[in-house]
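Survey of secondary and tertiary structure
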Amino acid sequence: MAVIKRKSTQKKSKVLDFNIKSLIQVKPILVLLCVGLMYFTYANWQTWLEKLDDKPISSFALLGSPSYTTNGDVREMIVKMGELKGFFGQDVNVIREQIQSMPWIKGAVVRKIWPNRLSIVVSEYQPIAYWNGDQFLSSDGVVFKLPSDKLKETNMPRLFGPDYKSAEVLEAWHKIYKELESRKLVLKSVSIDERGAWEITLDNDILLKLGRGEWKTKIDHFVTIYPQIEIPENKRISYVDLRYKVGASVGFVDQ
C-alpha cells in the first residue's frame, strides 16, 4: 500500500509541474493579447463614440449677463464653423477659440450638455477710454475693438499713442487728471508719440505741448501764465507750447 501511495503522489506532482510550466508559457501570450486589446480600444474609442452620436450639437445657452455679447453674436460665430459634430465627437476647444475671436471677448468657457446642447460663458473687456479714435482701452491697458453700436458709455477719455505704450498712457491720464483737477482744470485727452513726447488737451480744447520727460513742472508753469495770456479779439487759444526752459509760445485760432 505504501508503494501505491508513493506512485500516486509522484503522478500528482508531475501533473502540477506540467500545469505550472503551461501557465508560464501562456502568460506572455495573454499579456500581449491584453496590451493589444487596450491599444486597439485606445486607438478607436473616439471613432466608436462618434458613431454613437446620432444628433449634431444644434443649440446653445449664453449664460450670465454679458454687457456686449448677444445670442446673435455667438450664433453667427458658430454658424461660420459649419455643422457641428455630436456630443462625443465635438471638440469644445475649437468652439471656444472661435468665440474668443470676437475682439471684445477676454475669455470663454464652453461645455457640452447631453444630448446636443452647449453651455457658454464669456468674459469681456470693459472700455474705459477711447484709443486712437476707433479702438478702446480696458482698465489694464489692453487695446481692443468694439462695434460702435454696442458702446453704452461715450463720455470717456480720449487717449492716443503706439499700442505698446497703451498702459503707460493710461497711467499718465490718471496722474495728470488728478493734477489738473486740483487746479480747477478738466483733462480731455492725452497722447504720446514714438519719441515719447506728451501732449494733453483740456476740455476747452486748449492743447498743451509738454514734450518729453517730466511734465508736472510744465503744468505748474501753464497754470501760472494762463491768466496772464492776452487773447486777441475774436480769437481763442489753440495751443500753449511748454517745451521751453523759459517762457512758452501761444497759438491762436479764430473764435
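The structure under discussion appears in the preceding block.
Residues numbered from 1 in each chain as written. Predicted model: local features only at pLDDT ≥ 70, side-chain atom pairs only at ≥ 80, totals over all residues. Heavy atoms only, no water.

Each helix and strand counted, the protein chain has 5 helices and 12 strands in total. In the protein chain, which comprises 255 residues, the proportion classed as buried is 35%. In the protein chain, once contacts between residues fewer than 6 apart in sequence are set aside, the share between residues at least 24 apart is 47%. Carbon and sulfur atoms form 56% of the exposed surface of the protein chain, whose accessible area is close to 16,800 Å². (Helix = DSSP H or I, 4+ residues; strand = E, 2+ residues; numbered from the N terminus. Buried < 20%, exposed > 50% of the residue type's maximum accessible area, 1.4 Å probe, protein only. Contact = heavy atoms within 4.5 Å. Areas by Shrake-Rupley, 256 points an atom, 1.4 Å probe, with all protein chains shown as cover.)

We now examine unusual backbone geometry. Geometrically, the link from Trp-114 to Pro-115 is a cis peptide bond, its omega value of 5° lying close to zero. Following the sequence through the fold, Pro-115 ends up in the loop between β2 (105-113) and β3 (117-124). For Lys-184, which is not a glycine, the phi torsion comes out positive at approximately 65°. Note that Lys-184 resides in the loop between α4 (166-181) and β8 (187-192). Judged by relative accessible area, which is 77%, Lys-184 ranks as exposed. Phi is positive for Asn-234, close to 65°, though the residue is something other than glycine. When you line up the elements, Asn-234 lands in the loop between α5 (216-225) and β11 (235-241). Taking relative accessible area as the criterion, Asn-234 reaches 58% and is therefore assigned exposed.

What follows covers the sheet that holds β2. Spatially, the 3 strands line up as an open sheet ordered β1-β3-β2, and their pairing is mixed. With one partner strand each, in any of the chains shown, β1 (59-62) and β2 form the two edges of the open sheet. Across the sheet, the axes of successive neighbouring strands diverge by a mean angle of 25°, strand direction being ignored. One ladder, built from 8 bridges, connects β2 with β3; its direction is antiparallel. Of the residues in β3, the one forming a bridge with Val-110 is Ile-120. (Pairing = 2+ DSSP bridges. Axes fitted to C-alpha atoms, helices over the stretch in contact; angles between N-to-C directions.)

Moving on: the nonpolar core. Grouped together as the largest cluster of nonpolar side chains are 28 residues, with contacts concentrated most on Leu-159, Ile-200, Leu-208 and Val-240. When contributions to this core are tallied by element, the ones reaching two or more residues are β4 (129-131), α4, β8, β9 (198-202), β10 (207-211), α5 and β11. Top element by residues in this core is α4. It accounts for 6 residues. Discounting chain neighbours no more than four positions away, the residues touching Leu-208 are Trp-198, Glu-199, Ile-200, Leu-202, Phe-222, Val-240 and Leu-242. (Core = buried A, V, L, I, M, F, W, Y, C linked by side-chain atoms within 4.5 Å.)

Turning our attention to the sheet that holds β4. Overall, mixed pairing links the 9 strands, which are arranged β6-β5-β4-β7-β8-β9-β10-β11-β12 in an open sheet. Bordering the open sheet on either side are β6 (143-144) and β12 (249-254), each of which pairs with just one other strand. Where β4 lies against strand β7 (residues 158-160), 2 bridges are found, and the strand directions are parallel. From the neighbouring strand, Trp-131 faces β7, where its bridge partner is Leu-159. Sitting on the sheet, α4 is in contact with β4, β5 (135-137), β6, β7, β8 and β9, with an inclination near 145° to β8.

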